[in-house]
Amino acid sequence: LAKTTQPISMDSYEGQEVNITCSHNNIATNDYITWYQQFPSQGPRFIIQGYKTKVTNEVASLFIPADRKSSTLSLPRVSLSDTAVYYCLVGELYNNNDMRFGAGTRLTVKP
Amino acid sequence: GAGVSQSPSNKVTEKGKDVELRCDPISGHTALYWYRQSLGQGLEFLIYFQGNSAPDKSGLPSDRFSAERTGGSVSTLTIQRTQQEDSAVYLCASSIRQGARSYEQYFGPGTRLTVT
């Protein structure tokens, strides 16, 4: 099981771009990288998923370097409502039960 | 459309009692997951179902915990002889599985269990 390491917490201000990096040094060939967002008193919500290079959707971008030993979730122009915990998961897309949630990164966006 | 639902939303029980937590996944989702989240902590994987079978029970913390899924839909998580350390939010998620591939997990609102 690929272990992930993320910063415990981050602070930002409204309108800034936020980059959260996740380390996964022992990622396997078949592993994908997935990010979830969790607001207080809610279950996590899928944000983005990728295998290599760059993936972008309406919410975020995911940057994955060639060695895939880390990944960076980029949130453009954050607002107060982006205050949440962000989880990085690594696991086989074809064996989803291997994915494990770590402690996540608690992002606090200030006015 | 309807998302994942869980019941009850809150459960307070006395130490030593048994509790049953229910999860209704999104219709058509063949994969179902149970997690536990203690206050301020990350999610702890408990068990995963593909259809009615549970290929991975490795996350169940003790033999007091069991889960079943019937008809490839509703799942119940049972905790026997509850202990105070069982107090947590229990989250259920479901996902589509087409062929060998699993897709993103959709989470329910959780059941907050308090053991007094």
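Chains are numbered independently. Their residues run from 1 in the order of the written sequence. Each chain takes a letter, starting from A, and each ligand takes a number, starting from 1, following the order in which they are written. Totals for whole chains, interfaces and linings use all residues, but because this is a predicted model, local features are given only for residues with pLDDT of at least 70 and pairs of side-chain atoms are given and counted only at 80 or more. Hydrogens are left out, water is left out, and the side-chain values use all remaining heavy atoms of the structure.

### Considering the sheet that holds strand 7 (residues 70-75) of chain A
Residues and elements named next belong to chain A.
Here is step 1: Spatially, four strands are ordered 2-7-6-5 in an open sheet, and the strand pairing comes out antiparallel. A single partner strand is all that each edge strand has here, and the edge strands are strand 2 (18-23) and strand 5 (53-56). If you compare each strand with its neighbour and ignore which way they point, the axes differ by 15° on average. Whether two strands pair comes down to DSSP finding at least two bridges between them. Helix and strand definitions here come from DSSP, where helices need a minimum of 4 consecutive H or I residues and strands a minimum of 2 consecutive E residues; each element is numbered from the N-terminal end. Working convention: axes come from line fits to C-alpha atoms, limited for helices to the stretch in contact. Angles between N-to-C directions cover 0 to 180 degrees.

### Here's the deal with the side chain of S61(A)
Residue and element names in this part refer to chain A.
Here is step 1: Checked against the element boundaries, S61 lands in strand 6 (residues 61-64).
Here is step 2: Exposure classes here rest on a 1.4 Å probe applied to the protein chains alone. A residue is buried below 20% of its type maximum, exposed above 50%, and partly exposed in between. Here S61 falls in the buried class, since its relative accessible area comes to 14%.
Here is step 3: For this analysis, a polar contact is any N or O atom pair within 3.5 Å, provided that within protein one partner can donate a hydrogen and the other can accept it, and provided that sequence-adjacent residues contribute only side-chain to side-chain pairs. A polar atom in the side chain of S61 sits 3.1 Å from the side chain of T56.
Here is step 4: Every residue pair with non-hydrogen atoms within 4.5 Å of one another is taken to be in contact. Setting aside chain neighbours within four positions, we find S61 in contact with I48, K54, V55, T56, T72, L73 and S74.

### A short note on the sheet that holds strand 8 (residues 75-79) of chain B
All names here are of chain B.
Here is step 1: In space, the four strands of this open sheet follow the order 1-3-8-7, with antiparallel pairing throughout. Two strands bound the open sheet, and with one partner strand each, they are strand 1 (5-7) and strand 7 (65-69). Each strand of the sheet is rotated relative to its neighbour by a mean of 15°, with strand direction disregarded.
Here is step 2: Sheet topology note: the strand 1/strand 3 (residues 19-24) ladder contains three bridges and is antiparallel. For S7, the partnering residue across the bridge sits in strand 3 and is R22.

### A closer look at unusual backbone geometry
Here is step 1: Omega for the bond connecting S7(B) with P8(B) falls within 30 degrees of zero, at -10°, which places this linkage in the cis form.
Here is step 2: The phi dihedral of S41(A) is positive, around 65°, even though this residue is not glycine.
Here is step 3: With respect to the helices and strands, S41(A) occurs in the loop between strand 3 (31-38) and strand 4 (45-50).
Here is step 4: Its relative accessible area of 67% is what places S41(A) among the exposed residues.

### What to know about the packing of aromatic side chains
All names here are of chain B.
Here is step 1: Here the aromatic set is Phe, Tyr and Trp, taking the six-membered ring for Trp, and pairing holds for ring centres within 6.5 Å; pairs whose planes are under 30 degrees apart are stacked, those over 60 apart are edge-to-face, and all others are tilted. Going through the model one piece at a time under the given rule, you end up with seven aromatic pairs over all chains.
Here is step 2: Ring geometry for Y33 against Y35: centres 6.4 Å apart, planes inclined by 25°, an arrangement best described as stacked. Both residues of the pair, Y33 and Y35, belong to the buried class.
Here is step 3: When the centroid spacing of 6.0 Å and the interplanar angle of 75° are considered together, the rings of Y35 and F45 count as edge-to-face. Of this pair, Y35 sits in strand 4 (residues 31-37) while F45 sits in strand 5 (residues 43-50), and the two are ten residues apart along the sequence.
Here is step 4: Owing to a relative accessible area of 6%, F45 belongs among the buried residues under this scheme.

### Comments concerning the pairing of strand 3 of chain B
Residue and element names in this part refer to chain B.
Here is step 1: Along strand 3, the buried face is formed by V19, L21 and C23; none of E20, R22 and D24, which line the opposite face, is buried.
Here is step 2: Where strand 3 and strand 8 come together, five bridges link them in antiparallel fashion. Within the sheet, the bridge partner assigned to C23 lies in strand 8 and is S75.

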